[in-house]
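Listed below, chain by chain, are the residues.
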Amino acid sequence: MANLEIDFRGIKSPNPFWLASAPPANSAYQVQKAFEQGWGGAVWKTIGAPVLNVCNRYGTIDYKGQKIIGLNNVELISDRPIDLNLKEIAEVKRNFPNHAVVVSVMVESKKETWQETIKRAEETGCDGFELNFGCPHGMSERGMGSAMGQVPEYTCMVTEWVMEAATKPVIVKLTPNITDIVQPARAAVRGGATAISLINTINSIMGVDLDTFELRPNVGGKGGHGGYAGPAVKPIALHLLSAVASDPEVQKAGLAISGMGGIETWQDAVEFMLLGSTSVQVCTAVMHWGFRIVEDMIEGMSNWMDDKGFKSCNDFIGASLPRISNFGDFDLGFQSVAKINHDKCIQCNLCFIACNDAAHQCIDLKDAKLTKEANERLWPVVREVDCVGCALCSTVCPVDDCITMVQIDTGRPHTTWNEIMKSKPEVTQDWHKMEEYRKTANIHVH
Amino acid sequence: MAEHYKPNTYKAWEMTLEERFQEVYPPLAEREAVTEANRCLYCYDAPCMVACPTHIDIPTFIRKISTGNVKGSARTILESNLMGATCSRVCPVQELCEGACVLEHDHKPIMIGRLQRYAMDYATERNIKFFEKGKSNGLKVAVIGGGPAGLSCAGELCKMGFDVTVYEKKKWANGLSTYGIVVFREPVEVALAEAKMIQEMGVQIKTNVTIGKDITLDELVEQNDAVFISVGLGNVPDMSVPGENLAGVMDGLDFIEETKVEKLDSIKFGNRICVIGAGNTAIDCATIARRLGSERVNIIYRRSEAEMPAYHFEYEFALREGVSFMFLTLPVEIVGKDKVEGLKCVRMDLGEPDASGRRSPIPIPGSEFTIPCDMVVKAIGQKKQSQMMTALAKYDVKDIKGYIAVDFATNRTVHPKIFAGGDCIRSHGEASTVMAVQDGKIAAKAIYRQFIGELEDQTEHAKTGCCKEVAGAHAH
Ligand SMILES: Cc1cc2nc3c(=O)[nH]c(=O)nc-3n(C[C@H](O)[C@H](O)[C@H](O)COP(=O)(O)OP(=O)(O)OC[C@H]3O[C@@H](n4cnc5c(N)ncnc54)[C@H](O)[C@@H]3O)c2cc1C
Ligand SMILES: Cc1cc2nc3c(=O)[nH]c(=O)nc-3n(C[C@H](O)[C@H](O)[C@H](O)COP(=O)(O)O)c2cc1C
Ligand code: SF4
Ligand code: SF4
Ligand code: SF4
């Protein structure tokens, strides 16, 4: 069996699965229960300034009968007294010396307060800190959380304060509610952080009640933006992770990354790790299903590693990073067309209507005489010469491996937009020149 | 062991009589319905819709359930099939829409029938009215027989502005939906609500009027612009065996009717019952006898399992209900002094295929035996409406094996004013409610075309463009 242990720049953990700083990591009872069930680490629910919570803290999005594809919260940081939290953190660390226990901190923007809180937290014996610069509601209005994370200068400044006081690794947790995530990531590098974690929750309003006109979540008739998490945010998290993980400054500084946002299964976790996460954190999935999901996460990942011949997580962490590219560097000569496997096709015609109404009208319904039935239903058939290879049909087809996008070679030059910009700038500026170029390059647009 | 022999989970002895006559399938709860609706792929030019004899736009009505537009869903159903509530309960869906569902092969087909019932119940419970009489065109149509075929035709004509009167022999309208479909498949209230909907659209329904007795066919033909005949079929025919008049011998349809209109605890039934025949009616009689509390119910059928006309799912249902089957057994005499004491039968072998292609049963000499029983239920089909046939002769309307002969594209007889539909024209193929409904629709459209002109809305063809090839356009 593969070895799942990780060394997160000094924070050791029996596996990469950590509880995110959130309700599942709220108390010693919960974190110890989680460790017993297999979680490798936990980032304690953020401690810091005194708060008061409201009722109806959560709102969710269900999709086609599936509950919680996304979850929004207007919850604040821990509403338990800081002393109690620190006492319990120490207790957990004593009982689980080999697990990762990270303390998430968010206090008002004063050097003394930050440094004092960090020092008190170190006394628990914890393995490191996470600076919550991401909470998008309640705390931000008080100048904390994302109010910090959205201004790179503040991020850098507070990180410096903390680094002065801390002897343990420090993770800066980034907010996704920003135009360019790389800026606060670089600020963390400048501030001397050991690591970065992302993403915190995304600003959102979950919905509006059609009878009462109230918002979701509904706090006594009123609602406002809250933080969005859960499966629906995963693609956004993967993008932000890839942006940070492939940034040369972050790479040069050698920061570790803890990825999160929508992780529910071992497959999700592997994807984050392929894009450069050393550990992964989970909140919503545990809120939905409980700690027990970790058993499959561990087993699934280790089976996958065995299948791939990976001995340890380091063998694959970041393995997809070299594939991160930009539109300008994509190969314009790469071509594919849709191929339908009629042995698998169930004749739902979803590919037909998708291509016809929303793509390039190149699937026909034909009496293809594929069966012996007298009244044979019509079959979808791709007119390959007209297929632009957009892949829409293959994404709507409900049958696995029924429509495949097959690579073809029509002799188009293997060049990129950036290369054309350099060698033939006129083509990128003038439609007539573009038309001429297309002719020479054997590109037909219908 | 075959799947259908799985143990019976229905425990009659743990249920009250009333509970045993509740609908077999409970209604879908909202979440169940939405989850099932979400499983539907929303196929384009969907095969389920092609397979539905009334061509209900199934993907659309299912999608509307999933979006919470249940009212719109009900409208979509009723637009194609005014008897959608009955059909959702009685249609042999495995043979029709669900059998054609693209998810049939690898997975589980969508529960189209139960979803349809969900939408129909929603509309009925809220008493939502979808249709009203169209602008009057001054033309009068008489409908003879207020069953599914008649009500469907009447409703469609009413929508198009005809003045329609339905003449119904019985106390209540909706034919076998009211009197013939066992209550645990369709409660009487559902059938009556459907009739009420047609009435509220503006159709006159005159009950307790028998055409041929209270009013003649000739009068109706004379007084109306068109007549639609939908009298269904008659009672169970005689078996022509000795003892048929003994007390305890019952017409299967009368037996079912009792359970629909009488108080359940007032119904008399035997403890050991022989049901003769193996079609839908026989299955229904046998299962209601079991649910009433009869200890032993035997279905006696002269051919073998393979030839029985009941659908396979009905056969399975009867087995699960604890009904026994005696195949290759022909009743020859009902024995008893003044009431039934037994059924004398002879065993059969299967010989050469007969005209229907089924191997014909031949009695085995000397194999007579008697099954002790205290009730015999005849369920060997229904009589043809010979009186109506006689009345029609004058108009040159012919019959096919006792059924009214029509042109199936229009359901018109040779006489330009006389149309017919439903069981009384079903000379071949399975008689079913949904076919009767479609017959009514076909006739209504033909009447419109004949008297008024082309229909604007050719939706049925447009929606199920199943026969023509569709090519993606060449956009440039
Ligand atoms: C026991 C049984 C179970 C069945 N189960 C199913 C099932 O599960 N699924 C399914 O799809 N189909 C089933 N059927 C068949 C289905 O009920 C019929 O196909 C359908 O009812 C036919 O409709 P119809 O309008 O043609 O005739 P009917 O429903 O028979 O209606 C004819 C109407 O005409 C009236 N009438 C007759 N003569 C006159 C007259 N002279 N004057 C005035 N009124 C007259 C009758 O009283 C009746 O109301 C079953 C039939 C039976 C007998
Ligand atoms: C109810 C709730 C409360 C949260 N509280 C905190 C918090 O106190 N501190 C913090 O850093 N992140 C907090 N988060 C953000 C999570 O730690 C995590 O970044 C986010 O939920 C994305 O992961 P997920 O998709 O697995 O839920 C909270 C999230 C939720 C849903
Ligand atoms: S890949 Fe796009 S253009 Fe080609 S057949 Fe599919 S939908 Fe049509
Ligand atoms: S979407 Fe897939 S299954 Fe459906 S018709 Fe097209 S190829 Fe066949
Ligand atoms: S065939 Fe099945 S999946 Fe397709 S639309 Fe009909 S019910 Fe839905």
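Fair warning: this is a prediction, and the values are worked out from it, not measured in the lab.

About the thresholds
Residues numbered from 1 in each chain as written. Chains lettered and ligands numbered in written order. Predicted model: local features only at pLDDT ≥ 70, side-chain atom pairs only at ≥ 80, totals over all residues. Heavy atoms only, no water. Helix = DSSP H or I, 4+ residues; strand = E, 2+ residues; numbered from the N terminus. Buried < 20%, exposed > 50% of the residue type's maximum accessible area, 1.4 Å probe, protein only. Contact = heavy atoms within 4.5 Å. Areas by Shrake-Rupley, 256 points an atom, 1.4 Å probe, with all protein chains shown as cover. Near = heavy atom within 4 Å. Polar contact = N/O pair within 3.5 Å; in protein donor to acceptor, adjacent residues only side chain to side chain. Nonpolar A, V, L, I, M, F, W, Y, C, P; charged D, E, K, R; others polar. Pairing = 2+ DSSP bridges. Right-handed = clockwise from strand over helix to strand, strands pointing away. Domains from an automatic or database assignment. Buried area = accessible area lost by both parts, 1.4 Å probe. Salt bridge = Lys/Arg side-chain N within 4 Å of Asp/Glu carboxyl O. Axes fitted to C-alpha atoms, helices over the stretch in contact; angles between N-to-C directions. Phe/Tyr/Trp six-rings, centres within 6.5 Å; stacked < 30°, edge-to-face > 60°. Parallel < 35°, antiparallel > 145°, perpendicular 65-115°, else oblique. Left-handed = near helix turned anticlockwise from the far one by under 90°.

**Things to note about the overall build of chain A**
And then number 1: Per the secondary structure count, chain A includes 15 helices and 20 strands.
And then number 2: Over its C-alpha atoms, taken along the principal directions, chain A stretches across nearly 75 × 55 × 55 Å.
And then number 3: Here chain A holds 446 residues, and the buried ones make up 52% of them.
And then number 4: In chain A, the proportion of contacts linking residues at least 24 apart, taken out of those at least 6 apart, comes to 70%.
And then number 5: When the accessible surface of chain A is summed, it comes to about 20,800 Å², and 52% of that surface belongs to carbon and sulfur atoms.

**What about the site of ligand 2?**
All names here are of chain A.
And then number 1: The local shell around ligand 2 holds 24 residues, among which Lys-45, Thr-46, Lys-173, Gly-262 and Thr-284 are the closest.
And then number 2: Contact between ligand 2 and Thr-284: an oxygen atom at 2.5 Å from a side-chain N or O atom of the residue.
And then number 3: Burial of ligand 2 by the protein chains amounts to 98% of its free accessible area of 610 Å².
And then number 4: Put simply, the parts of the chain that give the shell around ligand 2 at least two residues each are strand S4 (41-48), strand S6 (66-73) and helix H10 (284-289).
And then number 5: Tallied by class, residues from the shell around ligand 2 come to eleven nonpolar, ten polar and three charged.

**Some remarks on the pairing of strand S16 (residues 279-282) of chain A**
All names here are of chain A.
And then number 1: Burial along S16 is two-sided: the face carrying Ser-279 and Gln-281 and the face carrying Val-280 and Val-282 are both buried.
And then number 2: The sheet contact formed by strand S3 (residues 17-19) and S16 spans three bridges and is parallel. Counterpart to Trp-18 in the pairing with S16 is Gln-281.
And then number 3: Here strand S15 (residues 256-260) pairs with S16 via three bridges, running parallel. Bridge assignment links Ser-258 to a residue of S16, and that residue is Ser-279.
And then number 4: Each parallel crossover has a hand, and the one from S15 via helix H9 (residues 266-274) to S16 is right-handed.

**Side note on the environment of Pro-26 of chain B**
And then number 1: Relative to the assigned elements, Pro-26 of chain B resides in the loop between helix H1 (17-20) and helix H2 (30-39).
And then number 2: Separated by 88 residues in sequence, Pro-26 of chain B and Arg-114 of chain B place their C-alpha atoms 9.3 Å apart.

**Some points on the domain arrangement of chain B**
Residue and element names in this part refer to chain B.
And then number 1: When its domains are assigned, chain B resolves into domain 1 (24-125), domain 2 (140-234 + 383-461) and domain 3 (249-378).
And then number 2: Each partner contributes to the interface: domain 2 provides 16 residues, whereas domain 3 provides twelve residues.
And then number 3: Buried area between domain 2 and domain 3, summed over both chains or domains, comes out near 1,200 Å², and the portion from carbon and sulfur atoms is 60%.
And then number 4: By the criterion of area lost to domain 3, the three top residues of domain 2 are Tyr-179, Val-182 and Phe-184, representing 44% of everything that side buries.
And then number 5: Put simply, Glu-257 and Lys-170 hold a salt bridge, and the shortest N to O gap is 2.8 Å.
And then number 6: Where domain 2 touches domain 3, the interface holds five residue pairs in polar contact (both at pLDDT 80 or more).
And then number 7: If you tally residues by element for the side of domain 2 that touches domain 3, the top one is helix H10 (residues 175-179), at three residues.
And then number 8: Here the residues of the side of domain 2 that touches domain 3 are counted per class, giving eight nonpolar, four polar and four charged.

**Overview of the pattern of salt bridges**
All names here are of chain B.
And then number 1: Under the criterion given, the structure shown has 39 salt bridges over all chains.
And then number 2: Ionic pairing is found between Asp-121 and Arg-89, a salt bridge with its closest N-O pair at 2.9 Å. Taken together, the positions of Asp-121 in helix H8 (residues 112-125) and Arg-89 in helix H6 (residues 84-90) put the pair 32 residues apart, joining distant regions of the chain.
And then number 3: Between Arg-291 and Glu-321 there is a salt bridge, and its shortest N-O distance comes to 2.7 Å. Placement of Arg-291 in helix H14 (residues 280-292) and of Glu-321 in the loop between helix H15 (312-320) and strand S8 (324-326) is noted, with a sequence separation of 30 residues between them.
And then number 4: One salt-bridge network, in which partners are shared between bridges, spans Glu-23, Arg-89, Arg-117 and Asp-121.

**What about the site of ligand 1?**
Residue and element names in this part refer to chain B.
And then number 1: By nearness alone, 33 residues border ligand 1, and Val-90, Glu-168, Leu-176, Asp-423 and Thr-433 come closest of all.
And then number 2: Within the side chain of Glu-168, a nitrogen or oxygen atom sits 2.6 Å from an oxygen atom of ligand 1.
And then number 3: Alone, ligand 1 offers 1,000 Å² of accessible surface; in the complex the protein occludes 94% of this.
And then number 4: Taken together, the elements giving at least two residues each to the shell around ligand 1 come down to helix H9 (148-159), H10, helix H13 (252-261), H14 and helix H17 (433-451).
And then number 5: Grouping the amino acids of the shell around ligand 1 by side-chain chemistry returns 13 nonpolar, 14 polar and six charged.

**Let's talk about the sheet that holds strand S9 (residues 170-173) of chain A**
All names here are of chain A.
And then number 1: Reading around the barrel, the eight strands line up as S3-S4-S7-S8-S9-S10-S15-S16 and close back on themselves, with parallel pairing between neighbours. Neighbour-to-neighbour, the strand axes of the sheet open up by a mean angle of 25 degrees, direction not taken into account.
And then number 2: Direction of pairing for strand S10 (residues 195-198) relative to S15: parallel, over a ladder of four bridges. Looking at S15, one finds that Ala-195 is bridged to Ala-256.
And then number 3: Of the strands in this sheet, strand S8 (128-132) and S9 are in contact with helix H5 (residues 152-165), which crosses S9 at around 160 degrees.

**What about the side chain of Ser-88 of chain B?**
Residue and element names in this part refer to chain B.
And then number 1: With respect to the helices and strands, Ser-88 occurs in helix H6.
And then number 2: Ser-88 gets classed as buried once you look at its relative accessible area, which sits at 9%.
And then number 3: Looking at Ser-88, its side chain comes within polar contact range of the main-chain oxygen of Ala-85, at 2.7 Å.
And then number 4: Excluding its chain neighbours within four sequence positions, the residues that come into contact with Ser-88 are Gly-113, Gln-116 and Arg-117.

**Here's the deal with the packing of aromatic side chains**
And then number 1: Inspection of every chain in the model, using the stated rule, returns 16 aromatic pairs over all chains.
And then number 2: On the numbers, 5.3 Å between centres and 70 degrees between planes, the contact of Phe-35 of chain A with Phe-96 of chain A is edge-to-face. Separated by 61 residues along the polypeptide, Phe-35 of chain A in helix H1 (residues 28-37) and Phe-96 of chain A in the loop between helix H2 (82-95) and strand S7 (100-106) bring together distant segments of the chain.
And then number 3: For Phe-35 of chain A, a relative accessible area of 4% translates into the label buried.
And then number 4: Between Tyr-315 of chain B and Phe-327 of chain B, the ring centres sit 6.2 Å apart and the planes meet at 80 degrees, which makes this aromatic pair edge-to-face. Highlighted residues: Tyr-315 of chain B in helix H15 and Phe-327 of chain B in the loop between S8 and strand S9 (329-335), separated in sequence by twelve residues.
And then number 5: For Tyr-315 of chain B, a relative accessible area of 4% translates into the label buried.
And then number 6: Members of the aromatic cluster, each reached through a chain of ring pairs, are Trp-304, Phe-310 and Phe-316 of chain A.

**Quick word on the packing of H9 of chain A against helix H11 (residues 294-308) of chain A**
Residues and elements named next belong to chain A.
And then number 1: Following both chains from N to C, one finds H9 and H11 inclined at 60 degrees, their axes separated by 8 Å at the closest point. In terms of orientation, H9 lies oblique with respect to H11. Of the two possible hands of crossing, H9 and H11 adopt the one that is right-handed. From H9, Trp-266, Ala-269, Val-270, Met-273 and Leu-274 reach across to H11, where they touch Asp-296, Met-297, Gly-300, Met-301 and Trp-304.
And then number 2: Here the contact of H9 with H11 is composed, by residue class, of eight nonpolar, one polar and one charged.

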